[in-house]
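Each chain, letter by letter, is given below.
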Amino acid sequence: MTLLDPSVRISGKAMTARTRVDYLGAPGGASVIRLVPLVRSFSVNGQQHLATGSVRVVASGPVSVAFEVFLQGIWARQEHTSLFAPIAADTDEDAERWAAASTALTLELAHPLEVPTGEDETSLEYLAADLAKGLAERSRNAAADLREIRYALELELAETSTRTTAHGSQASVVSALLQLGIICGRAADSTREAVREGLWVHLTDSPAYHAHRVLLNPAIVTHLAPATVLTRPWMRLHDAAIRQCTELGSQLTAESVAVHALLSAAASVSSSREADAQTSFNTLAAVASLGLGIPALVLALYGADRLLPLDTLPRQLAFLPVAAGLVFATVLAMRRSPRGEHRRVWIVGAAATLTALLGPLVIAGVIAPS
């Protein structure tokens, strides 16, 4: 198992050259290769990671097989969040994380695949087709993990969008959805490339490649008949691998569409929450105007010198409209407070405002000089 440099790009020239050396890359030999998409979900110290790329199967003999991984990226889930952040080997800390994730991915990919044995199953083409089919099936199964992540983000988005239960930031959910969209998009790109190239079987058996194309699309103009197990003994496995990749591509495309739909929904929810916030602010401004306007109006009509000091019952009764305005505004603010975690803030703020305004007025009225 070999993890190639992430900057290495797959090209037809490089793939052709790889068939002219053995599985270790030593000259003087020949190999049969297949290239299948890679999608994996694995854990490193209990932390979920995602990886995308491609795996090149290089077979030079029944026990001479190499797996070379072209990584597009590795994403690590942040603690206590649904956000996946890419890991880069730019700093010492990131290099250590990259090394740990690469080691865990290598161990996951090294999970033993069943090596075929039996009649017509000893050829390198059969071996490469069987291994490619197994790897493609695992990548397709990993698409279910991406779907579960999307479900979790969808649920989190629904919770943050509800004013009665909103606790987290919607921006973190949107960021997580964007990262998930990048992961699905990159995986879909490598899957489409693998299907288009027929897992690169044409490098060692061009007639088999074209015969299989006719099998998938009978409208192709060619002199070859559709591929069958009679065409090549390993054709059934090759066809299964291609269909696994095709289904993986369909699932990844569906996930990408779902993620973009969630991003559109998040934008709509954000606009709705901004409108609600504006309405709440307008309500608060109206309540504040009422609470300050009524006392100011009463004091302007009667004059503060007629009400102060509050040492007689008539003056105390005349001061009641001032206090009543503040109390009415406080009660209105409490009744109009939004639901959820912000309701307590409104209630505490209204009570504090009442105390801060009414308290000084009463104290000043009592101690004011005659």
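Basis of the calculations
Residues numbered from 1 in each chain as written. Predicted model: local features only at pLDDT ≥ 70, side-chain atom pairs only at ≥ 80, totals over all residues. Heavy atoms only, no water. Helix = DSSP H or I, 4+ residues; strand = E, 2+ residues; numbered from the N terminus. Buried < 20%, exposed > 50% of the residue type's maximum accessible area, 1.4 Å probe, protein only. Contact = heavy atoms within 4.5 Å. Areas by Shrake-Rupley, 256 points an atom, 1.4 Å probe, with all protein chains shown as cover. pLDDT = per-residue confidence, 0-100. Salt bridge = Lys/Arg side-chain N within 4 Å of Asp/Glu carboxyl O. Expected span 1.5 Å × (residues − 1). Axes fitted to C-alpha atoms, helices over the stretch in contact; angles between N-to-C directions. Parallel < 35°, antiparallel > 145°, perpendicular 65-115°, else oblique. Left-handed = near helix turned anticlockwise from the far one by under 90°. Nonpolar A, V, L, I, M, F, W, Y, C, P; charged D, E, K, R; others polar. Core = buried A, V, L, I, M, F, W, Y, C linked by side-chain atoms within 4.5 Å. Polar contact = N/O pair within 3.5 Å; in protein donor to acceptor, adjacent residues only side chain to side chain.

Peer 1: I would appreciate a short explanation of the overall build of the protein chain in the present structure.
Peer 2: When its secondary structure is counted, the protein chain shows nine helices and five strands. For the protein chain, with 370 residues in total, the buried portion stands at 39%. In the protein chain, the proportion of contacts linking residues at least 24 apart, taken out of those at least 6 apart, comes to 65%. Working note: accessible area of the protein chain is about 19,600 Å², and carbon and sulfur atoms make up 59% of it.

Peer 1: Please clarify how the confidence of the model for the protein chain should be interpreted in this entry.
Peer 2: Any region with low pLDDT has predicted coordinates that should not be read closely. When pLDDT is averaged across the protein chain, the result is 78; 66% of the residues are at 70 or more. No element of the protein chain has a lower mean pLDDT than helix α9 (residues 342-367), at 63, and none a higher one than strand β2 (residues 32-44), at 91.

Peer 1: Honestly, the pattern of salt bridges in this entry has me stumped. Any pointers?
Peer 2: Charged atoms that come close allow side chains of opposite charge to pair. Within this structure, the stated rule accounts for 12 salt bridges. The residue Arg150 makes a salt bridge to Glu154 at a minimum N-O spacing of 3.4 Å. Of the two residues, Arg150 and Glu154 both sit in helix α3 (residues 124-161), four residues apart, roughly one turn of that helix. The exposure class of Arg150 is buried, given its relative accessible area of 11%.

Peer 1: Just to check I follow, could you spell out helix α4 (residues 170-196) for this structure?
Peer 2: One turn of an α-helix holds 3.6 residues; hence residues three or four places apart share an orientation. Taking 1.5 Å per residue as the helical rise, α4 with its 27 residues ought to reach 39 Å, and the 39 Å between its terminal C-alpha atoms agrees with that figure. Within two residues after α4, Gly198 carries a phi angle of roughly 60°, on the positive side.

Peer 1: What should I look at first to understand the packing of α3 against α4 in this one?
Peer 2: Packed helices, taken two at a time, are described by the angle their axes make and the gap between the axes. Between α3 and α4, the least distance of the axes is 10 Å, while the angle of their chain directions is 160°. Considered as vectors, α3 and α4 are oriented roughly antiparallel to each other. Helix-helix and strand crossings are classified by hand; for α3 and α4 the assignment is left-handed. Along the contact surface, α3 presents Leu146, Ile149, Arg150, Leu153, Glu156, Leu157, Thr160 and Ser161, while α4 presents Gln170, Val173, Ala176, Leu177, Leu180, Ile183 and Cys184. By residue class, the composition of the contact of α3 with α4 is 10 nonpolar, three polar and two charged.

Peer 1: Got a minute to help me understand the nonpolar core in this structure?
Peer 2: For soluble globular proteins, nonpolar side chains are generally found buried alongside one another. Ranked by internal contacts, the top residues of the largest apolar core, which has 29 residues, are Phe42, Val55, Leu71, Ile74 and Leu199. Listing elements by their share of this core, those giving two or more residues are β2, β3 (47-61), β4 (64-77), α2 (92-109), α3 and α6 (235-302). Ile149, Leu153, Ala187 and Leu263 belong to the second-largest nonpolar core, a separate cluster that totals 24 residues.

Peer 1: Looking at this model, I keep getting lost on unusual backbone geometry. Mind explaining?
Peer 2: Phi is mostly negative for residues that are not glycine, and the peptide bonds are mostly trans. Of note in the backbone geometry, Leu199 takes a positive phi value of approximately 60° without being a glycine. Relative to the helices and strands, Leu199 resides in the loop between α4 and α5 (206-216). The exposure class of Leu199 is buried, given its relative accessible area of 0%. With a phi close to 65°, Trp200 is a non-glycine residue in the positive phi region. Structurally, the position occupied by Trp200 is in the loop between α4 and α5.

Peer 1: Just checking my understanding: could you explain α5 for this structure?
Peer 2: If you check which residues of α5 are buried, you get Ala208, Tyr209, Ala211, His212 and Val214. The backbone nitrogen of Ala208 has a side-chain oxygen 3.2 Å away, supplied by the residue at the start of α5, namely Asp205.

Peer 1: Help me understand the environment of Ala142 in this model?
Peer 2: Position of Ala142 relative to the elements: it lies in helix α3. A relative accessible area of 6% places Ala142 in the buried class. For the pair Ala142 and Leu50, spaced 92 residues apart in sequence, the C-alpha separation works out to 9.4 Å. Not counting the four nearest positions on each side in its chain, Ala142 is found in contact with Val39, Arg40 and Ser41.

Peer 1: I would appreciate a short explanation of the side chain of Gln48 in the present structure.
Peer 2: Tracing the sequence through the fold places Gln48 in strand β3. Looking at Gln48, its side chain comes within polar contact range of the side chain of Ser41, at 3.0 Å. In terms of polar contacts, Gln48 uses its side chain to reach the side chain of Arg77, at 2.8 Å. If we skip the residues at most four places from it in the chain, Gln48 touches Ser41, Phe42, Trp75, Ala76, Arg77, Phe84 and Ile149.

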